Amino acid sequence: MGDSAQGGLGSVAVRREEPSRGRAERPLLHAVALLQWVLLAALLACAATNVVRAIRAIPSASDTTYPESAVIQTAHWASRSHRIYPSLVRPPYTPAPYGPLFYLGLAGVGNALHGDNHAIRIALRSLVFASYLLAGLAVFALARDAGAAAWAALAGGVIALAAPFVLFWNASARPDFPALLLALLGIRTIAHSRRPGWRTGVAAGILCAMGFLIKQSMVAAPLAIAGFLALRRWYRPLGGFVLAAGATAGMAVAYLLLRGEPVLRDMLLMRHAPAAARPAVAVVSNALAGGLGLLVVAGGTAGAAMALRGKNSRLLLVGMYAALAALVAMLTLPQVGSNVNYLLEPWMGASVLMACALGPAAASWRSTGQPLQLGMLVVLIVLVGHGWEAIRRVPGPPAYRYQRLAGLRILSTDPTFTVRGRDPELLDPYLADLLENRAGWSAAGVAAEIKEQRFDVIFLTENGGRISTWHGAPRLSPELAKQVRRFYRPLCRTARVLVMTPKRRPDGFSAADASYTLGTRCRAQEIGAAGQ
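Before going into details, it helps to say that this report is about the structure given with it. (Residues numbered from 1 in each chain as written. Predicted model: local features only at pLDDT ≥ 70, side-chain atom pairs only at ≥ 80, totals over all residues. Heavy atoms only, no water.)

Description of the pairing of strand 7 (residues 497–502)
What counts, and what does not: Burial here depends on accessible area, computed with a 1.4 Å probe over protein chains only, as a share of the maximum for the residue type. Under 20% is buried, over 50% is exposed, and the range in between is partly exposed. Each helix corresponds to a stretch of at least 4 residues labelled H or I by DSSP, and each strand to a stretch of at least 2 residues labelled E; elements are numbered beginning at the N terminus. DSSP bridges decide pairing: two strands pair if at least two such bridges lie between them.
For strand 7, a buried count of 6 out of 6 residues is recorded, marking the element as mostly surrounded by other parts of the structure. Here strand 2 (residues 457–463) runs beside strand 7; their pairing, made up of 4 bridges, is antiparallel. Among the inter-strand pairings, Ile458 is bridged to a residue of strand 7, identified as Met500. Alignment of strand 6 (residues 488–493) against strand 7, held across 5 bridges, turns out to be antiparallel. Across the sheet, the residue bridging to Arg489 is Thr501, located in strand 7. Hairpin connection of strand 6 to strand 7: 3 residues between the antiparallel strands.

Take a look at the structure:
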């Protein structure tokens, strides 16, 4: 299974049966078992908190991540129009930036559930949640393949599920976890075989291509597998892998192009996102500064050092995958639209490496004195406790009530309001703003609707009295914001949302309606300057 130290509960039991071991060593052996149980129990508490909070969020009516409602509505549209990609040049003016297989899946779910948005929301969140749990199981299996003891592999699988930043991404209609699961399964297909044949390469190629077709950033796994097979000079499985991956991706894209779908245009939309260093630093520091982040970074680095020795080929494959996943994350995080989901893949790879490093760590632990062991236990408990507290502090989905929005035409920087009205459009105004500035997309159609006051109510999320931004980019195009201020008047404001209604039409939506919808008092006297 490789050269990594096995350590762990099983090995401890074997050593207890050896007559040469004296009673003087038993306290230390008990201390190693204590380390294992404390680590597993603490990590399980973190993972269980993530799991329970995610299960509670699945039936929530509000978005768990931005812009989840755009995904739900895209499935609804596909079930009605039999078109995968919404239009950008006419209503609904909604970009579709993920992979084509993701949107084909959305269309299938939408058709199966007859376009029922609530049922689609629950079904997609449940599928993502199942993918999240299976990803933790895949990390455990990969760690075992790479030589980790059972207890260490279990710790790796649990910490993969326990990341503080994973919460609500694991219960949101987003492509990240299904794509990540397929990438992990592709790596495991190769790692599980002592000497993979061409059939193994074909299977891994199909899995990796499917992951890429769900989310285009999932390129670390195919690159790692191709590089690993080439390094080992296993050319038959390499050929099968490359041909299967290329054929799978090519056929899917060709099928949609023949249907007249703008698949290549939409797959490449994110190339227009500007780059900036500050967003990347902010995302990484927020995600990894906590206790669990320190454990995964330290353990992943130790596991990577073991992989570089080259004696364990399976560990080398995992190390190559983790390194490439981290590189891809560092290249994509500077996009101003980036978020912590870009770190999910390197976190999973580092969790496998950490699991493989726990065996040697347990061996080192065995040789230390009890005062140092006690001190290290305290540090471990503090780090994991900090991770648990970080998970607990993540705010849940907002408790909005949407009944009074039915039949209204709504424009909003938060699509969770927009989709509750009639004929929703511009469901990702943030990305639309980036495309307007960088790709020549025109907001003239939406601007004309604002000028004609076709929207009955406008919800603008705010920060400090101004339209909210993400990494410095506004959630709504400045040109559209200008038109809104010109043709709509402020109705009321909460700490986070400004509500506006048309200037030239009788009120059809009141401050009382806004207060009911937002679940808090919407005060007319606090409107101030409208959406500056």
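From this point, the discussion proceeds with the structure in view.
Details of the layout of surface pockets
As a reminder, the rule being used: With a 1 Å grid spanning the protein atoms alone, the term cavity applies to any set of points in which a 1.4 Å probe fits but cannot get out, the term pocket to an open set with protein on both sides within 12 Å along at least five of seven lines, and the term lining residue to any residue with an atom within 4 Å of a point. Grid points are joined across faces, edges and corners, and a volume is the space filled by probe spheres set on the points. Polar here means any residue outside two lists: the nonpolar Ala, Val, Leu, Ile, Met, Phe, Trp, Tyr, Cys and Pro, and the charged Asp, Glu, Lys and Arg; Gly therefore counts as polar.
For the second largest pocket, the calculated volume is near 500 Å³. Around the second largest pocket sit 20 residues that line it, and Leu295, Leu358, Ala361, Met376 and Leu380 are the ones nearest its centre. Mapped onto the lining of the second largest pocket, the elements with two or more residues apiece are helix 2 (26–57), helix 13 (291–308), helix 15 (344–366) and helix 16 (370–393). Broken down by element, the residue count for the lining of the second largest pocket peaks at 7 residues, all from helix 15. When the residues that make up the lining of the second largest pocket are grouped by side-chain class, the tally is 18 nonpolar, 1 polar and 1 charged.

Quick notes on the side chain of Thr416
Condition: Definition of a polar contact: a pair of N or O atoms within 3.5 Å, with one able to donate and the other able to accept a hydrogen when the atoms are protein atoms, and with sequence-neighbouring residues admitted only if both atoms are side-chain atoms. Working rule for contacts: check all heavy atoms of both residues, and any pair within 4.5 Å makes them a contact.
Along the polypeptide, Thr416 turns up in helix 17 (residues 415–418). At 2.8 Å, the side chain of Thr416 forms a polar contact with the side chain of Tyr402. With sequence-adjacent residues up to four places away left out, Thr416 is seen in contact with Ala61, Ser62, Asp63, Ser69, Tyr400 and Tyr402.

Any functional reading would require information beyond the geometric quantities listed.
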